[in-house]
Amino acid sequence: MSYGILLLRLVVGLAFVGHGTQKLFGWFGGYGPKGTGGFFASKGYRAPVLMAVVAGLSEVAGGTLLALGLATPLAGALLATVMINAIGSVTFKKAFMFGSELEIAYLTIAVSLAAIGPGRFSIDRAIGWDDNISGVWWGVAALVAALILSFVTLTLVRTRPVVEQEPAAPT
């Protein structure tokens, strides 16, 4: 089980680091803060470049913490917040899972790892935190924190999203 948790943490954590560096630095084919900010603006976020940087920092910090197995509930909360925002503003189109499968999977992994802990091969275990900051209530706390932060960003930090206009029919 320890090897499976380690593999899960490393793959998911590093995937988030990659996504975050796309937003922050334009690495791996990303658009950097300005380009990502333009996308955030199209989704109705106020201060879109700032929000792109916050999302990128959350992904890099949360992904790094998750991969290392350090402060795992904090990592879960950071990553869950980004995923709830992605679902709420981008991918949740019609009903459950129509376009949101990957984000729901990442959200589930982040909250689950906050609950079960980072496993034997982690910094949390090495410094004796594993037993103190893991368990179902830590997973619940990570999810509740993410829901509260996401509610704020999806309501107060966004205006009405820009409506995509269909091209006019030729006359």
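Above this text sits the structure in question.
Notes on the structure follow.

Calculation criteria
- Residues numbered from 1 in each chain as written.
- Predicted model: local features only at pLDDT ≥ 70, side-chain atom pairs only at ≥ 80, totals over all residues.
- Heavy atoms only, no water.
- Core = buried A, V, L, I, M, F, W, Y, C linked by side-chain atoms within 4.5 Å.
- Buried < 20%, exposed > 50% of the residue type's maximum accessible area, 1.4 Å probe, protein only.
- Helix = DSSP H or I, 4+ residues; strand = E, 2+ residues; numbered from the N terminus.
- Contact = heavy atoms within 4.5 Å.
- Phe/Tyr/Trp six-rings, centres within 6.5 Å; stacked < 30°, edge-to-face > 60°.
- Salt bridge = Lys/Arg side-chain N within 4 Å of Asp/Glu carboxyl O.
- Axes fitted to C-alpha atoms, helices over the stretch in contact; angles between N-to-C directions.
- Parallel < 35°, antiparallel > 145°, perpendicular 65-115°, else oblique.
- Left-handed = near helix turned anticlockwise from the far one by under 90°.

Core analysis: the largest hydrophobic core is formed by 20 residues, its most contacted members being V12, F16, L66, M83 and L107. Among the elements of the structure, α1 (2–25), α3 (48–68), α4 (72–91) and α5 (101–116) are those that each provide at least two residues to this core. For L107, the residues in contact, after removing those within four places along its chain, are A80, M83, I84 and I87. Among the nonpolar cores identified, the runner-up in size contains 5 residues, and F40, M51, A52 and A55 belong to it.

Within this structure, the stated rule accounts for 6 aromatic pairs. Ring centres 4.9 Å apart and planes at 50° place the aromatic pair F16 and Y106 in the tilted group. One end of the pair, F16, is in helix α1; the other, Y106, is in helix α5, with 90 residues separating them in the sequence. Relative accessible area serves as the criterion here: at 2%, F16 is assigned to the buried category. Assessed through its relative accessible area of 17%, Y106 is described here as buried.

Moving on, we get to the pattern of salt bridges. The full count for this structure, using the stated rule, is 2 salt bridges. Measuring nitrogen to oxygen at the nearest pair gives 2.9 Å for the salt bridge that ties K23 to E59. Linking K23 in helix α1 with E59 in helix α3, this pair joins segments that are 36 residues apart in sequence. On the accessibility criterion, K23 (15% relative accessible area) is buried.

A few words now on the environment of E103. Tracing the sequence through the fold places E103 in helix α5. In the structure, E103 is positioned 36 residues away from A67 in sequence and 18 Å away in space, judged by C-alpha atoms. Sequence-distant contacts of E103, defined by excluding residues within four places in its chain, comprise M83, A86, I87 and T91.

Interhelical geometry of α1 versus α3 gives an angle of 155° and a closest axis separation of 7 Å. Classified by the angle their axes make, α1 and α3 are roughly antiparallel. Here α1 and α3 pass one another in a crossing that is left-handed. Each of R9, L10, V12, G13, L14, F16, V17, H19, G20, T21, K23 and L24 in α1 lies in contact with α3, whose residues at this interface are A52, V53, A55, G56, L57, E59, V60, G63, T64, L66, A67 and L68.

For the rest of this paragraph, the subject is the side chain of N85. Its location among the elements puts N85 in helix α4. In this view, N85 contacts Y45, V90, S150, T153 and L154; residues no more than four positions away in its chain are not counted.

The analysis is restricted to geometry; functional conclusions fall outside its scope.
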